[in-house]
Amino acid sequence: MIDALHRQTGVRLTLDGPCPGGQVGAAYVRWPDEHRSVLKWRPHSQAEGMRAGPLAVAEALRLAGYPAPATELVAQIGHAVVMVQELLPGTKIDHLDHRGLDQALELNQMQADQLADRPDIPTVALHLRQDGSGYCLHGPLRQHDRRSAALERWIAAVGSDCPPESAGQDAVHADFQPGNMLTTDGSVTGVVDWDGAARGDRRFDLVTLRFGIHAEETDPGVTQRLDAVLDSLPEDVLRPAWAHMSLRMVDWAIRHFTPAEVEHWLDLAEQRVS
C-alpha cells in the first residue's frame, strides 16, 4: 500500500511497523519530514464515500475539540481506500476502570447535535431485516443452531417495528469500545477508527461500548454502571441498537471465531431479548 500510494500521489512514506490490534490492520508510517502517522486501508470502499461520510464525521468532531485524529491523506488504491491519519498520543485501553467509563460517557455526550447542520452525512444503517456489506449477515445465525436462529428471529422482529436507520443529528462512532480509545496516565487522549462513523443517535455508541467490554476486563462495578445507563434509554433507542450489535457480533463470531466464543456473544445478546 505504501508503494501504491507513492506511485499514485508521489508521497513517499516509510514503514515503522504494524499497529497492535484490529481486524483489518493498520501501520505506523513516517513522512519525509520525519513526523509519524497511521496508515489504514478499508477494502471494497470508495474514497468519495469515505470523505462524505466517516471522515466528515470525525472532522466535525475534531473541530469541536473532540480528540479525533485529523486525516492527512486519502487515496483510492484499486478497490480499497488508503488513509493516512494523525498519530494521537496514548495507548489503547485494555482494562476499563471507573475513570475511563466516566470519560467515555463524557465523550459520548460531546457527540450530541454535532451534525445538526450536516444532513448530507449518511445515517447509521441497522441491517435488522437485510444483510450488511460483509457484516451483519442473517444467514449464519439462521443456520448455526437453534439458539442463534431464535436470536435472528427476534432481531428481524425488532427490525419490522423500527426504521432501517438510526435517526438523529448526533455523531455516531459505531465502534465505540475501549480498544479504540487511547489513554495517557489514565486520561483519554484520543478516539480512533472512525471508518464506520455516521449520523444518528449518539446513544447507539453506548450499546456498542457495552458489547465492547463484554470480552475485556473491567473494574468491579463498571459493567453494572453501564447497564444502568442502558436501562434508562428509551426502548425505541435501546432495542434497535441492541439488536444490531447482537447481529453484528454473533454473525462475526460464527464466521470467524470458535464455537465457545459464539456462545459468549449469545450469552450477552440474550440478556435483553424480550
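A brief look at the structure comes next. (Residues numbered from 1 in each chain as written. Predicted model: local features only at pLDDT ≥ 70, side-chain atom pairs only at ≥ 80, totals over all residues. Heavy atoms only, no water.)

**Comments concerning the nonpolar core**
- Counting 34 residues, the largest nonpolar core has Leu-151, Ile-155, Val-207, Phe-211, Trp-242 and Val-250 as the members making the most contacts within it.
- For this core, the elements supplying multiple residues, two or more each, are helix H6 (146–160), helix H7 (204–212), helix H9 (235–256) and helix H10 (259–269).
- It is H9 that contributes the most residues to this core, 10 residues altogether.
- Ignoring any residue separated from it by four or fewer positions in sequence, one finds Leu-151 in contact with Leu-141, Ser-246, Val-250, Leu-266, Ala-269 and Val-273.
- Residues Ile-93, Ala-104, Leu-115 and Ile-213 belong to the second largest nonpolar core, which totals 25 residues. (Core = buried A, V, L, I, M, F, W, Y, C linked by side-chain atoms within 4.5 Å. Buried < 20%, exposed > 50% of the residue type's maximum accessible area, 1.4 Å probe, protein only. Helix = DSSP H or I, 4+ residues; strand = E, 2+ residues; numbered from the N terminus. Contact = heavy atoms within 4.5 Å.)

**Focus on the sheet that holds strand E11 (residues 181–184)**
- Taken in spatial order, the three strands of this open sheet run E6-E11-E12, and their pairing is antiparallel. At either margin of the open sheet sits one strand with a lone partner, and together these are strand E6 (91–92) and strand E12 (187–191).
- Pairing geometry for E11 and E12, over four bridges, is antiparallel. Across the sheet, residue Thr-183 finds its bridge partner in E12, namely Val-188.
- Seen against the sheet, helix H4 (residues 98–110) touches E11 and E12 and runs at an angle of roughly 45° to E12. (Pairing = 2+ DSSP bridges. Axes fitted to C-alpha atoms, helices over the stretch in contact; angles between N-to-C directions.)

**Digging into helix H1 (residues 2–9)**
- Ile-2, Ala-4 and Leu-5 are the residues of H1 that are buried. One face of H1 carries all of its buried residues, which in axial projection span an arc of 160°.
- For H1, the elements touching its buried residues are strand E1 (14–18), strand E2 (26–30), strand E3 (36–42), strand E4 (71–77) and strand E5 (80–86).
- One or two steps after H1, the chain reaches Gly-10, where phi turns positive at roughly 85°. (Arc of directions from axis to C-beta.)

**Overview of the pairing of E5**
- Burial of E5 is extensive: six of the seven residues sit out of reach of the surface.
- Bridge count for E3 against E5 is six bridges, and the pairing is antiparallel. Of the residues in E5, the one forming a bridge with Arg-42 is Val-81.
- The pairing of E4 with E5 spans six bridges and is antiparallel. Counted as the bridge partner of Gln-76 is Val-81 from E5.
- Once E4 ends, the chain turns through two residues before running back antiparallel as E5, passing Gly-78 with a positive phi of about 65°.

**Some remarks on unusual backbone geometry**
- In this model, Asp-113 sits at a positive phi of 60°, which is unusual for a non-glycine residue.
- Mapped onto the elements, Asp-113 comes out in the loop between H4 and strand E8 (124–125).
- By relative accessible area, which is 47% here, Asp-113 ends up partly exposed.

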